[in-house]
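Spelled out from the first residue to the last, the chains are:
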Amino acid sequence: MTRSARAAYRAVSEDGVEVGKQAIQLHGGMGMSEELPLGRALRRLLAIRQAFPL
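As the structure is a computational prediction, the values presented were derived from the model and not from experiment.

Trainee: It is not clear to me how the overall build of the chain should be interpreted in this structure. Could you clarify?
Mentor: Looking only at helices and strands, the chain has 2 helices and 0 strands in total. With respect to the principal axes defined by its C-alpha atoms, the chain has extents near 40 × 15 × 10 Å. A buried classification covers 19% of the 54 residues belonging to the chain. In the chain, of all internal contacts separated by at least 6 residues, the share reaching a separation of at least 24 is 55%. As displayed, the chain offers around 4,000 Å² of accessible surface, 60% of which is attributable to carbon and sulfur atoms. Charge centroids of the chain, computed over 8 positive and 5 negative side chains, lie 9 Å from each other.

Structure representation (C-alpha cells):
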C-alpha cells in the first residue's frame, strides 16, 4: 500500500473516531451496546487507525 493510501486511511479513521465518539455521547450508554451499530463502527475505526500507523 502506498504512503498516500495509508495517509488517507489514517485521516478517515481519525475523523471517523471523533464522529463515533460524539455519536456515542449523544446516545449515551446505548451507543456502546450491541443494539446499535455505533459501537461496532467505532471499534472498527479504532482497529483501522491502529492497523495503518503513519
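There's more to say after this.
Trainee: Before we go on, may I ask you to explain helix 1 (residues 3-27) in this structure?
Mentor: Residue pairs spaced three or four apart in an α-helix point in one direction, given the helix's 3.6 residues per turn. Relative to the 36 Å expected for 25 residues at 1.5 Å per residue, helix 1 spans 36 Å between its end C-alpha atoms, a close match to the ideal helical length. Listed as buried for helix 1 are Ser13, Gly16, Val17, Gly20, Ala23 and Ile24. Residues of helix 1 that are buried in the fold lie against helix 2 (38-51). Of the residues trailing helix 1, glycine 28 is marked for its positive phi of about 70°.

Trainee: Which parts of the structure should I look at to understand the environment of leucine 46?
Mentor: Structurally, leucine 46 is set in helix 2. Exposure remark for leucine 46: the relative accessible area of 32% places this residue in the partly exposed category. For the pair leucine 46 and serine 13, spaced 33 residues apart in the sequence, the C-alpha separation amounts to 7.1 Å.

Trainee: In this structure, what is going on with the packing of helix 1 against helix 2? I would like to understand it.
Mentor: Pairs of packed helices are described in terms of their axes, by the angle between the two and the distance that separates them. It is the contact of helix 1 with helix 2, at a shortest axis distance of 8 Å, that shows an interaxial angle of 150°. Considering the angle they form, helix 1 stands roughly antiparallel to helix 2. The interaxial crossing formed by helix 1 with helix 2 has left-handed handedness. Contact residues: Arg6, Tyr9, Arg10, Ser13, Glu14, Gly16, Val17, Gly20, Lys21, Ala23, Ile24 and His27 in helix 1; Leu38, Leu42, Leu45, Leu46, Ile48, Arg49 and Ala51 in helix 2. When its residues are assigned to classes, the contact of helix 1 with helix 2 shows 10 nonpolar, 4 polar and 5 charged.

Conventions adopted
Residues numbered from 1 in each chain as written. Predicted model: local features only at pLDDT ≥ 70, side-chain atom pairs only at ≥ 80, totals over all residues. Heavy atoms only, no water. Helix = DSSP H or I, 4+ residues; strand = E, 2+ residues; numbered from the N terminus. Buried < 20%, exposed > 50% of the residue type's maximum accessible area, 1.4 Å probe, protein only. Contact = heavy atoms within 4.5 Å. Areas by Shrake-Rupley, 256 points an atom, 1.4 Å probe, with all protein chains shown as cover. Lys, Arg positive; Asp, Glu negative; His and termini not counted. Charge placed at Lys NZ, Arg CZ, Asp CG, Glu CD. Expected span 1.5 Å × (residues − 1). Axes fitted to C-alpha atoms, helices over the stretch in contact; angles between N-to-C directions. Parallel < 35°, antiparallel > 145°, perpendicular 65-115°, else oblique. Left-handed = near helix turned anticlockwise from the far one by under 90°. Nonpolar A, V, L, I, M, F, W, Y, C, P; charged D, E, K, R; others polar.

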